[in-house]
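One-letter residues, chain by chain:
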Amino acid sequence: MLKGFKDFLMRGNVVDLAVAVVIGSAFTAIVTAFTNGLIKPLISTIGGTDAAKGLGYQIFENNQATFLDFGGVINAAINFVLVAAVIYFVIVLPVKKIQERRKRGQEPGPSEPTDVELLIEIRDLLRAQAQRDNGRD
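Everything quoted here is computed from the prediction, not taken from an experiment.

1. Quick word on the overall build of the chain
And step 1. A tally of helices and strands in the chain yields four helices and two strands.
And step 2. Mapped from its N terminus to its C terminus, the chain presents α and β elements in the order α-α-β-β-α-α.
And step 3. Looking at the chain as a whole, 18% of its 137 residues qualify as buried.
And step 4. Pairs at least 24 apart in sequence give 48% of the contacts found in the chain among residues at least 6 apart.

2. Quick notes on the side chain of Asn79
And step 1. The residue Asn79 is located in helix α3 (residues 70-104) in this model.
And step 2. The class for Asn79 is buried, based on a relative accessible area of 12%.
And step 3. Those residues in contact with Asn79 that lie beyond four places of it in its chain are Thr28, Val31, Thr32 and Thr35.

3. Some details on the pattern of salt bridges
And step 1. Following the criterion strictly, the structure yields one salt bridge and no others.
And step 2. A salt bridge links Asp124 to Arg123; its shortest N-O distance comes to 3.1 Å.
And step 3. For Asp124, a relative accessible area of 36% gives the class partly exposed.
And step 4. Residue classification places Arg123 among the partly exposed residues on the basis of a relative accessible area of 40%.

4. Re a nonpolar patch on the surface
And step 1. A cluster of nonpolar side chains, namely Tyr57, Ile59, Phe60, Leu68, Phe70 and Ile74, defines an oily patch on the protein surface of about 570 Å² accessible area.
And step 2. Along the chain, the position of Tyr57 falls in strand β1 (residues 56-58).

5. Some words on α3
And step 1. The end-to-end C-alpha distance of α3, which contains 35 residues, comes to 49 Å, matching closely the 51 Å that a straight helix rising 1.5 Å per residue would cover.
And step 2. A bend of about 40° at Tyr88 is the largest found in α3.
And step 3. Of all the residues in α3, the buried ones are Gly71, Asn75, Asn79, Val83, Ile87, Ile91, Val95 and Arg102.
And step 4. Positive backbone phi, at 90°, marks Gly105, one or two positions downstream of α3.

6. Concerning the packing of aromatic side chains
And step 1. Using the criterion set out here, one finds one aromatic pair in the structure.
And step 2. An angle of 80° between the planes, with centres 5.1 Å apart, marks the rings of Tyr88 and Phe89 as edge-to-face.
And step 3. In this structure Phe89 comes out as exposed when scored by relative accessible area, which is 56%.

7. Quick notes on the side chain of Asn75
And step 1. Mapped onto the fold, Asn75 is located in helix α3.
And step 2. Judged by relative accessible area, Asn75 falls into the buried class, the value being 5%.
And step 3. Dropping the residues within four chain positions of it, Asn75 is found in contact with Thr35, Asn36, Ile39, Lys40 and Ile43.

8. Let's talk about the confidence of the model for the chain
As a note on interpretation, predicted positions should not be read in detail where pLDDT is low.
And step 1. The predicted model of the chain averages 77 in pLDDT, with 80% of residues at 70 or higher.
And step 2. Across the chain, the element-wise mean pLDDT spans from 71 in helix α1 (residues 2-9) up to 86 in helix α4 (residues 115-136).

Quick notes on the rules
- Note on numbering: residues in each chain are counted from 1, in written sequence order.
- Given that the model is predicted, a residue must reach a pLDDT of at least 70 before its local features are reported, and side-chain atom pairs must reach 80 or more before they are shown or counted; all residues, however, enter totals for whole chains, interfaces and linings.
- To obtain the side-chain values, all non-hydrogen atoms of the structure were included, while hydrogens and water were left out.
- Helical segments are the DSSP runs of H or I of at least four residues, strand segments are the runs of E of at least two, and each set is numbered from the N terminus.
- Throughout this description, buried means an accessible area under 20% of the type-specific maximum (1.4 Å probe, protein chains only), exposed means over 50%, and partly exposed covers the range between.
- Here a residue-residue contact requires only that any non-hydrogen atoms of the pair lie within 4.5 Å.
- One side-chain nitrogen of Lys or Arg within 4 Å of one carboxyl oxygen of Asp or Glu is enough to make a salt bridge.
- Patch definition: residues with relative accessible area over 30% and no salt bridge; like charges joined within 9 Å; nonpolar side chains (Val, Leu, Ile, Met, Phe, Trp, Tyr) joined within 5 Å.
- Each accessible area is a Shrake-Rupley estimate made with a 1.4 Å probe; only the visible protein chains count as cover when residues are assessed.
- Multiplying 1.5 Å by the residue count of a helix minus one yields the expected span of that helix.
- Bend at a given residue is defined as the angle between two axes, one fitted to the seven residues that end at that position and one fitted to the seven that begin there.
- Planes of paired rings set the category: under 30 degrees apart is stacked, over 60 is edge-to-face and the rest tilted, where pairs are Phe, Tyr or Trp rings (Trp by its six-membered ring) whose centres lie within 6.5 Å.
- Confidence per residue, as judged by the predictor, is encoded in pLDDT with a range of 0 to 100.

Given below as C-alpha cells:
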C-alpha cells in the first residue's frame, strides 16, 4: 500500500500540482508580508508626485483614482520573483534530481502493474459491461 502511494506521489504531474497549489499559496503569504512590510516602504521613499503615496504619478490632481502606482507594480514583481525562486530551488530541483536518478537506474521508479492485476482489471471491466448490456435487454 505504501509503495503504491509513493509511486502515485512521484509521478511528475502530481508533484507539480502539489507544488503549485500547496507550497505556492502558503509561501506567497509569507513573501507578500515581507514585500509589503519591508520592500514597499523602501520603494515608497523614492517618491513621485506625492511621496506619501509612494513611487507613482498623479495624472489628474483632483482625482485620486488616476494615481499610477509604480511602487505597487515593482513590489508585485519582487514578490513573484521571490516566490518563484524559492519554489524552484526547494521543490523543483530536488524532484528533478530524484527523477534523473530513476532514469539512471539508481532509484526504482513507479512499479508497473503485474499481468495478474491487468487481467483482474480486464475481467472486472468485461463483467461491468456485460451487466450493463443485460440491463438493456
